[in-house]
Structures are given as structure tokens and as C-alpha cells.
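Coordinate inspection notes
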Amino acid sequence: MANLVKLRKGLDIHLQGKAEEKKIQLKSNGKYALVPDDFVGVTPKVVVREGDHVKAGDALFLNKQYPEVKFASPVSGVVREVVRGERRKVLCIRVDADAQQKSVDFGKKDVGKLDGKAVCEALLEAGIFGYINQLPYAVSTNPSVAPRAIFVSALRDKPLAADFDFEVKGQEQDFQTGLTALSKIAKTYLGVGVGSPLEQMKNVEVNVFDGKCPAGNVGVQVNNVAPVNKGEVVWTIGDPTVVLFIGRLFNTGKVCLRRTVALCGSEVRQPAYADMLVGEELSTLLSNSYDSQHSVRIINGNVLTGCPTTKDGFLGAHSSEITVIPEGDQADEMLGWIMPRLKQFSVSRSYFSWLFGKRDYALDARIKGGERHIIMSGEYDRVLPMDIYGEYLIKAIISGDIDRQEALGIYEVSPEDFALAEFVDSSKLELQRIVREGLNILRKENA
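About the cut-offs
- Residues numbered from 1 in each chain as written.
- Predicted model: local features only at pLDDT ≥ 70, side-chain atom pairs only at ≥ 80, totals over all residues.
- Heavy atoms only, no water.
- Core = buried A, V, L, I, M, F, W, Y, C linked by side-chain atoms within 4.5 Å.
- Buried < 20%, exposed > 50% of the residue type's maximum accessible area, 1.4 Å probe, protein only.
- Helix = DSSP H or I, 4+ residues; strand = E, 2+ residues; numbered from the N terminus.
- Contact = heavy atoms within 4.5 Å.
- Salt bridge = Lys/Arg side-chain N within 4 Å of Asp/Glu carboxyl O.
- Pairing = 2+ DSSP bridges.
- Phe/Tyr/Trp six-rings, centres within 6.5 Å; stacked < 30°, edge-to-face > 60°.

**What about the nonpolar core?**
Membership of the largest hydrophobic core comes to 66 residues, with the highest contact counts inside it found for Tyr131, Phe175 and Leu190. Top contributing element to this core by residue count: helix H5 (residues 241–252), with 7 residues. For Leu190, the residues in contact, after removing those within four places along its chain, are Val152, Ala154, Phe175, Leu179, Leu198, Met201, Val204, Glu205, Val206 and Asn207.

**Observations concerning helix H4 (residues 218–225)**
An α-helical turn contains 3.6 residues, so any two residues separated by three or four positions project in the same direction. Buried residues dominate H4, accounting for 6 of its 8 residues. Listed in full, the buried residues belonging to H4 are Val218, Gly219, Val220, Gln221, Val222 and Asn223. Of the surrounding elements, those touching the buried residues of H4 are strand S9 (133–135), strand S11 (149–153), strand S12 (188–193), strand S13 (205–210) and strand S14 (234–237).

**Things to note about the pattern of salt bridges**
Two side chains of opposite charge can pair, provided their charged atoms sit close to one another. Applying the stated rule across the entire model yields 14 salt bridges. Between Arg156 and Asp239 there is a salt bridge whose closest N-O contact spans 3.5 Å. In this pair, Arg156 is assigned in the loop between S11 and helix H2 (164–167) and Asp239 in the loop between S14 and H5, connecting sequence segments 83 residues apart. Each member of the pair, Arg156 as well as Asp239, is classed as buried. Between Asp239 and Arg259 there is a salt bridge; the shortest N-O distance is 2.8 Å. Taken together, the positions of Asp239 in the loop between S14 and H5 and Arg259 in strand S15 (residues 258–264) put the pair 20 residues apart, joining distant regions of the chain. Across the pair, exposure class does not vary: Asp239 and Arg259 are buried alike. It is possible to trace a salt-bridge network through shared partners that takes in Arg156, Glu167, Asp239 and Arg259.

**A word on the pairing of S11**
Side-chain direction in a regular strand flips from residue to residue, so the side chains alternate between the two faces of the sheet. Counting buried residues along S11, 5 of its 5 residues qualify, which places the element largely inside the surrounding structure. Across the two faces of S11 the burial is the same, with Ala149, Phe151 and Ser153 and Ile150 and Val152 all buried. Of the pairings in the sheet, the one linking S11 to S14 comprises 4 bridges and is parallel in character. Within S14, the position partnered with Ala149 by the bridge is Val234. With 4 bridges joining them, S11 and S12 adopt parallel strand pairing. For Val152, the partnering residue across the bridge sits in S12 and is Leu190.

**Looking at the packing of aromatic side chains**
Counting across every chain of the model gives 11 aromatic pairs. Measuring from ring centre to ring centre gives 5.0 Å for Phe39 and Tyr131, while their planes differ by 85°; the resulting arrangement is edge-to-face. Here Tyr131 lies in the loop between helix H1 (116–126) and S9 and Phe39 lies in the loop between strand S2 (31–34) and strand S3 (44–46), a separation of 92 residues in the sequence. With respect to class, Phe39 is no different from Tyr131; both count as buried. A network of ring pairs unites the aromatic residues Phe39, Phe61, Phe71, Tyr131 and Phe245 as a single cluster.

Here is the structure:
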């Protein structure tokens, strides 16, 4: 019997351009790249050279801090280039795919007969362990520290988010295998939405979250089910497709990093879904999908937490959406803020659009205001369904008061938990960046 968790705080932002539940067929151009920055907290060490031939499942780089954590190539092919930036930082490892794909065979395994150690070893060997994160610090996890529990969120509720219930259709067995494998390591909690068919999953404790965004954030679910205390570690999977990666590995013996991606946003002509591999070049998906005459922002991920990219970018390791919205740099509003703005969204009812009830909005990428002193107005708390004081925690991070940060619950949060607070913030502060910097400093201090 699933547990019901009701959340009263949050905010649903209804945007135009949600993907229809149909798939479009793509023809790949054979260009792929794995980006180390997709795995937060990982310092990469490249283990291939330009011109090397790799199979799908062969390691492209590993984590310097934990060398046993490798990251697998999504395809077989020739390593085209190791792209580096300033101070020789590794930006990505590019691979040109073979016409006929070959994969490393790690062997099928019956997860029912494995223990937690054997499961971890299999994930490490196949190069997909690094897709699992942890709290505290919201970084790629340390395999040598046993977790108190593992939390998986299968609820995507951010604006224009891809529906995981649609993605998992026909793959329920792989998802169940992935959950069973995780349950061998530690007690596993699965968070789903109301009415999800995944309520019937076995070997895990299922929690149904009834509330507005960000109820799907794995950090919010941890906070409302079994909060993290100082000194404890929990593993988190906020991207449920990772569980499919794990299940496919044990069921087939091969690494398959295929995911269903939503092409969405108000600028997209026909929003729909497509199957892509992690690291696939986005030009495959974005070709002729929007009016190139318009000034647009292409986002690798969703509008709240994704990163700006281009057609020449690559699908992020945890990206379930590619979103295209107006840039807004050509907007010319007569009389500016004094107009009633009937087609724009406002949390504070500053615009008259709230008089027309629920509707979908075509918002652009403008901030609409400059950074200013933090305003203690309770804005964060209204959209943050966690037992923490968000505004006081942000102030503690800015001031560098580590003792205060610990007392206010910094070990329980990740940057994405403040994405909605950043959206409604009158001070226009980059809250996700502030939280990430605070977590990084704390991680170094406690190392």
C-alpha cells in the first residue's frame, strides 16, 4: 500500500508548448559527446586518446577522486576529439559513431541472487554508477560510503516536463529490475504522482506525492519522508531514466543509454517526444523544428534548471527535455511595467492576467529587473515545501556563516530545490548558483 504525502506549498507554471504523447523518428548524424560537467562534483580524468576505437560501455573518463567510478561511452566508434577549455579543463569527449554498433557484453545477471556489493561492482564496471547522486552536497556519489537509504523520484512536475509514465510504457520490467537492484544496496523509496501506474512497483516503499511543483524534486521527497541529518548519506536519483539504465544492464548485459526526450516550448512547431542517446548532437532533434528567424533560447533540460545550449550542443546526461522559448531580447513594450500585461504571468497578481483563470503562457527568457538587496518577504517559503527557512539559509550562505548554514539544513537541499524560489524572487538573485557555491565550500571544509 503506497503512502500518500500531501504538500501544500509550491507553484505550477503552465507554459505553452507541452509535448504531445507521440514519438517522432530521428536519423542520427553519428556525432556524440559525453560532458563531464553533467556529473556534478566529478573531476574527470580522460582514459582514451583521439583516434581510439571504443565500444558502447567502454570508459571515456573516470572520477579522479574515486577512480573506480567510470563513465561509459553511449556508442561504439572513434574518439574524434578531447575538447578542453581554460586551464585544460575537459569540456567533452567527442565520439563519431560506427555504422554498425557494438557493445561490451558485461553478462546478464539475476538481481534476485545478488547482494548490494555485487550490484555496486556491476554498476562500476559498466560505467553507469556515476549517474547516482547523493545528499548531502547534491553531487555524484562516493561508492565507498554505504547510504542510509536510496530515494528515486519518478514524478516530473516542472514546467513542460517530460512525462515519465509515458516514457516507461513497455519498459516496466527494466524499471522493476533497476529498483530491485537498488534495493539490494539499501532501503529504497520510490516517489510517484497521483494515479501513476508505478504505484505497483515491488521491493521498494512507494510514496505518492500530491501537490504542486516542486513535489517531484527528490530533495523535497527526502525532506518529507526521512530527512537527512548531519553525518548521514542518502543516494538520490532525481532522473528516473537512470533506473532504466540500471535495469537494462542487468537484463541484457549491455549498457544502453537511450532515453525518451521531450522537444517542447512555445517556439517549437510540433512539440513531441523522441528517443535519443545520452550525448547525441541536438541538431538531429532541432533541425527545422522551430522558426530560425526568431531569436530563441534553446535549453538543455527544463526552463527552471536547464542550461542554455545551441544546435551544436549535445543531449545532457540527465536532460529529459530540450526546450525552445523566445529569448525576449527583441521585446518592445510600450510604457513597460505600467501596462496591464494580459498575456504574462505573475505570482503576485501584478498583472491583470490572473483575472482570466488558468491558462498557458508563452514566457520568454528575460529576467525583467536587476539584482537588488534581498527582500525578507516570505516569497521563498511559499514555494518551498521543505521544513527549512529558505531565506535565512540563503543569507547564511551569502555571509559565509557555516555554523548557521548547518543549523538551517543545508545538508538537505540541492540547487534545484531553489529553482522556483529563484523564479519568484523579487531580488533577482541567482539562488541556484548561490546554493551550489555554498555546498561546494562546505564539501571542501568537511573533506
